[in-house]
Amino acid sequence: MTHRLILASASPARLSSLRSAGLDPEVIVSGVDEDAIHDDRPDLLARALAEAKGAAVLEQIDGDVVLVACDSVLEFEGRAYGKPATPEQAVAHWRRIRGGQGVLHTGHHVVVRRGDREVSQSRIGSTVVTFGDLTDDEIEAYVATGEPLVVAGGFTIDGFGGPFITRVAGDPHNVIGISLPLLRQMLLDLGVPWQSLWRPGLSIA
């Protein structure tokens, strides 16, 4: 069975991860005001943000669909960190986390709608990340690339930030923004085999 697959996220990294795994989702951005959503627990905040994005996009579409929504939050010393708002905030953020360890939480919300039947599931992927002890010059240079301003927690492992991450304990895909093993299990729980979402004619040849 062919499924219409929608990614409710503007993240290029999430889209790239899914495409690299053989999927080719449509992208619909939710437009949710993330600042209006709060939770004292960073992991539950990530899940709430993903659910809000999914709900907002689902209202815009009709018919049968598999919808995937995600959002990521860095937990460091018990606090939640999203995208730094300014370069100055990004510099201060990196001076705080350098040499330390945090947990990147990604909320995953999946909805499967077939006819008048709709099922959904929300789960959280959490990966421990250890940050290198960057010099002030390295921090300034990294922030000047602009990358820390567009990603949760102000860092990546698949871009300019990769050399500054010394250890990852858990699923590295989750740090990029979407845990492929977790997503596969969620889809399976909802009756959608992962391979049914592969784009037609998939081959590495």
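Residue positions are counted from 1 within each chain, in the order its sequence is given. Restriction of local features to residues with pLDDT of at least 70 applies here, the model being predicted, together with a cutoff of 80 or more for giving and counting side-chain atom pairs; totals for whole chains, interfaces and linings are based on all residues. Side-chain figures throughout are based on the complete set of non-hydrogen atoms in the structure, without hydrogens or water.

Trainee: Describe the packing of aromatic side chains, listing the residues and the values that go with them.
Mentor: Note on ring pairs: Phe, Tyr and Trp rings are taken, using the six-membered ring of Trp, and paired if centres are within 6.5 Å. Classes follow the plane angle, with under 30 degrees stacked, over 60 edge-to-face and the rest tilted. A full pass over the atoms with the stated rule returns five aromatic pairs. By way of ring pairs, the aromatic residues W94, F131, Y142, F155 and F164 are connected into one cluster.

Trainee: How would you summarise the pairing of strand 5 (residues 101–114) if you had to cite specific residues and measurements?
Mentor: Across the 14 residues of strand 5, 11 count as buried, placing the element largely inside the fold. Pairing between strands is defined by DSSP: at least two bridges between the two strands are required. Per the convention used, a helix needs a DSSP run of H or I reaching at least four residues, while a strand needs a run of E reaching at least two, with both numbered from the N terminus. In the sheet, strand 3 (residues 65–76) pairs with strand 5 via 11 bridges, with the strands oriented antiparallel. The residue bridging L74 from the neighbouring strand is L104, located in strand 5. Bridging between strand 5 and strand 6 (residues 117–131) involves 14 bridges; their strand directions are antiparallel. Bridging across to strand 6, G107 finds its partner in I124. Two successive antiparallel strands, strand 5 and strand 6, enclose a turn made up of two residues, where G115 displays a positive phi of approximately 60 degrees. Categorising residues by exposure relies on relative accessible area from a 1.4 Å probe, with only protein chains included: less than 20% of the type maximum marks a residue as buried, more than 50% marks it as exposed, and the intermediate range marks it as partly exposed.

Trainee: A description of the nonpolar core should follow, citing residues and the corresponding values.
Mentor: As a rule of thumb, soluble globular proteins bury nonpolar side chains together. Working definition of a nonpolar core: buried Ala, Val, Leu, Ile, Met, Phe, Trp, Tyr and Cys residues. They are joined through side-chain atoms within 4.5 Å. Counting 21 residues, the largest nonpolar core has L18, V68, V110, L183 and L187 as the members making the most contacts within it. The set of elements that each furnish at least two residues to this core consists of strand 1 (5–8), helix 1 (12–20), strand 3, strand 5 and helix 6 (180–189). Among the elements that make up this core, the one with the highest residue count is helix 6 (five residues). Residues count as neighbours in contact if any of their non-hydrogen atoms are within 4.5 Å of one another. With sequence-adjacent residues up to four places away left out, L183 is seen in contact with L18, V68, V110, I178 and W194. L104, I139, F164 and I165 belong to the second-largest nonpolar core, a separate cluster that totals 18 residues.

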